[in-house]
Amino acid sequence: MEIGVATYNTGLLDGFIPHAAGRRGAIAERLERLDADLVALQEVWSAPDRDVLTDASPLRHGTAADDHLDPEPGYALDGSTGLLLRSRWPLLTTSVVTLPSYFTRRAVVVAEVDGPVGPFTVLATHLAADIRNVEHPGAEGWAGEHRAHVQTVLRLAAEAAGPVILVGDLNCGPERAGRDPEFPENYDLLRSGFESSAYADDPEAPCTWCPDNPLVHFERATVLDHVMESGFHPVSWRRIFDRPVTVEGDEGATLTTLSDHYGVLVRLRSD
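Computed from a prediction, not measured in an experiment: that's the story for all the values here. Think of each chain on its own: its residues are numbered from 1, step by step along the sequence as written. Local features are withheld for residues below a pLDDT of 70 in this predicted model, meaning they are given only at 70 or higher, and side-chain atom pairs are given and counted only at 80 or more; totals for whole chains, interfaces and linings count all residues. For side-chain calculations, the full set of non-hydrogen atoms in the structure is used, while hydrogens and water are omitted.

### Remarks on the pattern of salt bridges
- Note on definitions: salt bridges are taken to be side-chain nitrogens of Lys or Arg within 4 Å of carboxyl oxygens of Asp or Glu. According to the stated counting rule, one finds twelve salt bridges in the structure shown.
- For the salt bridge of Asp201 with Arg191, the shortest nitrogen-to-oxygen distance reads 2.8 Å. Residue Asp201 is located in helix α5 (residues 198-201), and its partner Arg191 is located in helix α4 (residues 184-191); the two are separated by ten residues in the primary sequence. In this description a helix means any DSSP run of H or I spanning at least four residues, a strand means any run of E spanning at least two, and both kinds are numbered starting from the N terminus.

### With respect to the sheet that holds strand β10 (residues 233-240)
- Taken together, the six strands give an open sheet; going across it, the order is β3-β4-β2-β1-β13-β10, and neighbouring strands pair in mixed fashion. Strands at the two margins of the open sheet, each flanked by one partner only, are β3 (61-64) and β10. Pairwise comparison of adjacent strand axes, ignoring direction, gives a mean angle of 10 degrees for this sheet.
- Across five bridges, strand β1 (residues 2-9) lies against strand β2 (residues 38-42) in parallel orientation. Residue pairing across strands places Ala6 opposite Val39, the latter belonging to β2.
- Contacts were defined at the residue level, with two residues in contact if any of their heavy atoms lie within 4.5 Å. In this analysis, axes come from line fits to C-alpha atoms, helices being fitted only over the stretch in contact, and the angle between any two N-to-C directions falls in the range 0 to 180 degrees. Sitting on the sheet, helix α2 (residues 47-56) touches β2, β3 and β4 (84-87), and the angle it makes with β4 is about 15 degrees. Two strands are counted as paired when DSSP detects at least two bridges linking them.

### Overview of the state of the cysteines
- Note on disulfides: each one is a pair of cysteine sulfur atoms within 2.5 Å. Tallied over the entire structure, the rule returns one disulfide.
- Across the disulfide from Cys207 sits Cys210; the S-S distance is 2.1 Å. Taking the torsion about the S-S bond as the criterion, the Cys207 to Cys210 disulfide, at about 130 degrees, is right-handed.
- Looking at Cys210, the relative accessible area reads 1%, which means it is buried.
- Free of any disulfide, Cys172 has its nearest cysteine sulfur in Cys207, 16 Å distant.
- Burial here depends on accessible area, computed with a 1.4 Å probe over protein chains only, as a share of the maximum for the residue type. Under 20% is buried, over 50% is exposed, and the range in between is partly exposed. Given a relative accessible area of 0%, Cys172 falls into the buried group.

### Observations regarding the nonpolar core
- By nonpolar core we mean a set of buried residues, namely Ala, Val, Leu, Ile, Met, Phe, Trp, Tyr and Cys, connected to one another through side-chain atoms within 4.5 Å. Among the nonpolar cores identified, the biggest contains 54 residues, and Phe120, Leu123, Ile165, Leu190 and Phe194 are the most heavily contacted of them.
- Core analysis: the next-biggest nonpolar cluster, separate from the first, contains 23 residues, Val39, Leu41, Ile240 and Phe241 among them.

### Observations regarding the packing of aromatic side chains
- For Phe, Tyr and Trp, where Trp contributes only its six-membered ring, two rings pair if their centres lie within 6.5 Å, and the inter-plane angle classes them as stacked under 30 degrees, edge-to-face over 60, or tilted in between. Scanning the entire structure with this criterion turns up four aromatic pairs.
- Look at Tyr102 and Phe103: their rings are 6.5 Å apart centre to centre, the planes differ by 45 degrees, and that puts the pair in the tilted class.
- The exposure class assigned to Phe103 is partly exposed, which follows from its relative accessible area of 36%.
- When the ring of Tyr102 is compared with that of Trp142, the centres are 6.1 Å apart and the planes differ by 40 degrees; the resulting orientation is tilted. One end of the pair, Tyr102, is in the loop between β5 (91-99) and β6 (106-115); the other, Trp142, is in helix α3 (residues 141-159), with 40 residues separating them in the sequence.
- Overall, Tyr102 belongs to the partly exposed group, its relative accessible area being 34%.
- Each member of the aromatic cluster is reached from another via a ring pair, and the members are Tyr102, Phe103 and Trp142.

Below you can see the structure in the form of structure tokens.
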């Protein structure tokens, strides 16, 4: 039995990443046609955006992290985590583990999925970013916050019963030919807790945060978006949502990309 697992950072932050309103509709159209069984979305910050993308997804089961959390004005966006998980199969249990974080509230959605050949655990998250224009108050800065998040994810994966999938914008990636590293030591630590990270392990796999993307605000070629697993066998992997689209805005039609990230789709075999 094969399952398709996708991650996509939607970049739906009005006023910071251009064309958010127009891109939302275009993303919804792509989600309707995406051949995946599990989809983890990040940066779906508002309830209206969550509603649009939930309705667009053909996957009828799921959860949003913010449905489990109270607003927290001490963070940007009133403490929204922006996490949305959709599944073809029912979720037997769901919980949200908050991560100690500064500026942007971070969390992990922990979902037990009633899969076609038995339950498995999904960890869907968006780990701390190196926000270059915001000074972190901690002694170890953004790298230290990210490392703490990695350690929590590793603990959750170790506690999971049976197969486990980690999916999301993990804001870290290894150095490869043609790729820039991002928190590479933290990536190696995280990667050590899983049997495979098929897309990032492939030296031919292209970046997901890329300088050719017109919405990217600093030029690095990095793989930040990942599907890691233990207890499955990777079958295929590819970049998705990477073609230009025309969106309508206040200034008329604009040719752009769906987000400042490209997505990843990995197909896994479950025995």
